[in-house]
Amino acid sequence: MADRVTVIGWDGSPLTAAARSALGAATLVAGAAHHLALPEVPTGAERIRLGSVSLAARRIAGHRGTAVVLADGDPGFFGVVRTLRDPEFGLEVEVVPAVSSVAAAFARAGMPWDDAQVVVAHRRTLRRAVNVCRAHTKVAVLTSPGAGPAELGLLMEGVHRTFVICEELGTEREQVTILTSDKAADHIWRDPNVVIVIGGPVTAGEGGGWISGREPAAGPRGWALPAETYDGPLGEGETDLLRAAQLARLGPRIGDLVWDIGSGSGAFAVEAARAGAAVIAVDRDLIACGRADAAARRFGVQLQIVRGTAPHVLENLPEPDVVRVGGGGAAVVSAVADRRPQGIVAHAMTRDEAELIGRDLTEHGYRVECALIQSVELDTRAWTETERSVAFLLSGVLPDRST
């Protein structure tokens, strides 16, 4: 095993004395091509072009001598340190950090970033990174080949955002470009790059926030809030207890895209967005769309609101993770199931309608559960019944996508 492993961050500025000392004593140096070209790399050291960090770690573990790994920015922030410290390799590392590429990007933009979400976009995580950009007002995206600014812009269709694209930070070819998300696909971007995605109000109050990233949900404490919270009556499928059960079944979370079909007042859509998910609220009624927009503004969340009639309006929407069908019945449930989201919830007012929806979900390969939810509201002054609601709650989960 290597006698010593030092991980050195590089941000384009001159190396520190500690970094030069470690590099000068190295008998093995791993890094990207531009790292290995640095004049401080000893001419007699073995050089490893860093592609797979795991493969490099195995080489380092078998090396007799002193090893140095060069990486951009802060190697402990979405960097190589996590892999190198994996117990599989048995390496003990020392880290000499530099300014992270995210910090450098926000510095170039002249913006604070303690309130930003930070995501990594690879081909396999790109869709979830885009969903975070849909749901949040300030996001830094660490991109990769095939999951860069152009791909982000294409997948953000229907949502207006501003991109601050920082290419090759810390080098002579550094460039910062500001444009709208719909224009990003019109350009060819150089790697590596960081994209700051801005949308909606991002200015914190005086003194800033108290926690990094997204602050806890604004508004009243609790979930499945009562009708008066949403300035008007709620539909038959929006009662607070039914909504609570639907939220519990779907479990919307950050990185998800939720469809709320027949969104009505926007109550479910807003509460899914408060959980951190990206939400598309669909309704054919103009007044309902306006209510959903007003609710989103009141709670400080981002919704994409689409006016149209399901199932036809669903054809061009991006792929959902989970879906609430609040209107349209079995025909809409069937169209949604064709898109294979991980989870679907719907409600029915009669047993016959519930059986029809349940059979359709089963035929699409979903594991189906059905419960009869009955709630009775009491006036606690006289303990008399004031309102009663009854509905069948149906939920379907794809067994092969249950995580």
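Scroll up for the structure.
These numbers come from a predicted model, not from an experiment.

Visitor: Please set out a nonpolar patch on the surface residue by residue, giving values where relevant.
Guide: Judged by side-chain polarity, V376, L378 and W383 come together as a nonpolar surface patch covering roughly 310 Å² of accessible area. Tracing the chain through its elements places L378 in strand β16 (residues 367-379).

Visitor: Account for the sheet that holds strand β12 (residues 278-283), naming residues and giving values.
Guide: If you walk across this open sheet you meet the seven strands as β13-β12-β11-β14-β15-β17-β16, and the pairing is mixed. Pairing within the sheet leaves two strands with one partner each, and these edge strands are β13 (304-307) and β16. Taken over all neighbouring pairs, the strand axes of this sheet differ in orientation by 20 degrees on average, direction set aside. Here strand β14 (residues 322-325) runs beside strand β15 (residues 343-348); their pairing, made up of four bridges, is parallel. Opposite R324, over in β15, you have V345 as the bridge partner.

Visitor: Could you give me a rundown of the pairing of β14, with the residues and numbers involved?
Guide: Taking every second residue as pointing to the same face, both faces of β14 are buried, with V322 and R324 on one and V323 and V325 on the other. Looking at chain direction, strand β11 (residues 257-261) and β14 are connected through four bridges and run parallel. In the strand pairing of β14, D260 is matched with R324. Handedness of the β14-helix α11 (residues 329-338)-β15 crossover: right-handed.

Cut-offs applied
Within each chain, residue numbers correspond to sequence positions counted from 1 in written order. Two thresholds apply to this predicted model, a pLDDT of at least 70 for residue-level local features and 80 or more for giving and counting side-chain atom pairs, whereas whole-chain, interface and lining totals are computed over all residues. Hydrogens and water are ignored here; the side-chain numbers use all heavy atoms of the structure. Residues enter patches when their relative accessible area tops 30% and they take part in no salt bridge; the joining distance is 9 Å for like charges and 5 Å for the nonpolar side chains Val, Leu, Ile, Met, Phe, Trp and Tyr. Note that accessible areas follow from Shrake-Rupley with a 1.4 Å probe, and for residues the cover is restricted to the protein chains shown. Salt bridge criterion: a side-chain nitrogen from Lys or Arg within 4 Å of a carboxyl oxygen from Asp or Glu. Strands are runs of DSSP state E lasting at least 2 residues, helices are runs of H or I lasting at least 4, and numbering of each runs from the N terminus. Only strands that DSSP links by at least two bridges are regarded as paired with each other. Only the contacting stretch of a helix is used when fitting its axis, a line to C-alpha atoms as for every element, and angles between N-to-C directions run 0 to 180 degrees. Three exposure classes are used, based on accessible area relative to the maximum for each residue type with a 1.4 Å probe and protein chains only: buried under 20%, partly exposed in between, and exposed over 50%. Classification remark: right-handed applies to a crossover when, strands pointing away from the viewer, the course from the first strand over the helix to the second runs clockwise.

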